[in-house]
Amino acid sequence: QVQLVESGGGSVQAGGSLRLSCEASERTSVGWYRQTAGKEREFVSAINSHGGSTRYVESVKGRFTISRDNVKNTVYLQMDKLKPEDTAVYYCSRMSSTLNSRVGSWGQGTQVTVSS
């Protein structure tokens, strides 16, 4: 089973930036999700194993960029122009090759807090 470990969360003021990392035990398609208390976990972005295909939820388009380093088997989520509503625990997970569904277990998550 592919193991994923998230890192890079923290606290930042609105308008600031953070970069999250998801290190995988092998090369695979990866998606980022986020969850706030009392709400369902929502899809944020995904990238296929070669990096040639990406997806974003509408609310982060133009602000977040997903990328990968296949030498390090690491997927990054660069988050710019952060808003308070981006505050959540962010998780990465293995995705299908079409990026339409999650096929793996969750990592431990990393907290992102954006203050106004």
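Asker: Could you clarify how one ought to interpret the side chain of Glu-6 in this entry?
Answerer: In this fold, Glu-6 is placed in strand S1 (residues 4-7). Although buried, Glu-6 forms no salt bridge, and the nearest oppositely charged side chain, Arg-41, lies 7.1 Å from it. Among the polar contacts listed, one links the side chain of Glu-6 to the backbone nitrogen of Cys-92, at a separation of 2.8 Å. At 3.0 Å, the side chain of Glu-6 forms a polar contact with the backbone nitrogen of Gly-109. Once you skip the residues sitting within four places of it in the chain, Glu-6 turns out to touch Ser-21, Cys-22, Trp-32, Tyr-90, Tyr-91, Cys-92, Gly-107, Gln-108, Gly-109 and Thr-110.

Asker: I'm lost on the state of the cysteines in this one. Help?
Answerer: Here is the idea: a disulfide is a covalent bond, and it sits between the sulfur atoms of two cysteines. Applying the stated criterion across every chain, the model contains one disulfide. The residue that forms a disulfide with Cys-22 is Cys-92, at a sulfur-sulfur distance of 2.1 Å. The disulfide joining Cys-22 to Cys-92 has a torsion of about 75° about its S-S bond and is therefore right-handed. With Cys-22 in strand S3 (residues 18-24) and Cys-92 in strand S9 (residues 88-95), this residue pair connects regions lying 70 residues apart in the sequence. Across this residue pair, the class does not change: Cys-22 and Cys-92 are buried.

Asker: Is there a simple way to think about the nonpolar core in this case?
Answerer: One recurring pattern in soluble globular proteins: nonpolar side chains tend to sit buried together. Core analysis: the largest hydrophobic core is formed by 23 residues, its most contacted members being Trp-32, Phe-64, Leu-77, Met-79 and Tyr-90. At the level of elements, S3, strand S4 (30-35), strand S5 (42-47), strand S7 (64-69), strand S8 (74-79), S9 and strand S11 (110-115) are the ones that each hand at least two residues to this core. Counting residues per element, this core draws most heavily on S3, at four residues. Setting aside its immediate chain neighbours within four residues, Phe-64 contacts Arg-34, Val-44, Tyr-56, Leu-77, Gln-78, Met-79, Asp-80, Leu-82, Asp-86 and Tyr-90. Counting five residues, the second largest nonpolar core, distinct from the first, contains Tyr-33, Phe-43, Met-95 and Leu-99.

Rules of the game
Residues numbered from 1 in each chain as written. Predicted model: local features only at pLDDT ≥ 70, side-chain atom pairs only at ≥ 80, totals over all residues. Heavy atoms only, no water. Helix = DSSP H or I, 4+ residues; strand = E, 2+ residues; numbered from the N terminus. Buried < 20%, exposed > 50% of the residue type's maximum accessible area, 1.4 Å probe, protein only. Lys, Arg positive; Asp, Glu negative; His and termini not counted. Salt bridge = Lys/Arg side-chain N within 4 Å of Asp/Glu carboxyl O. Polar contact = N/O pair within 3.5 Å; in protein donor to acceptor, adjacent residues only side chain to side chain. Contact = heavy atoms within 4.5 Å. Disulfide = S-S within 2.5 Å. Core = buried A, V, L, I, M, F, W, Y, C linked by side-chain atoms within 4.5 Å.

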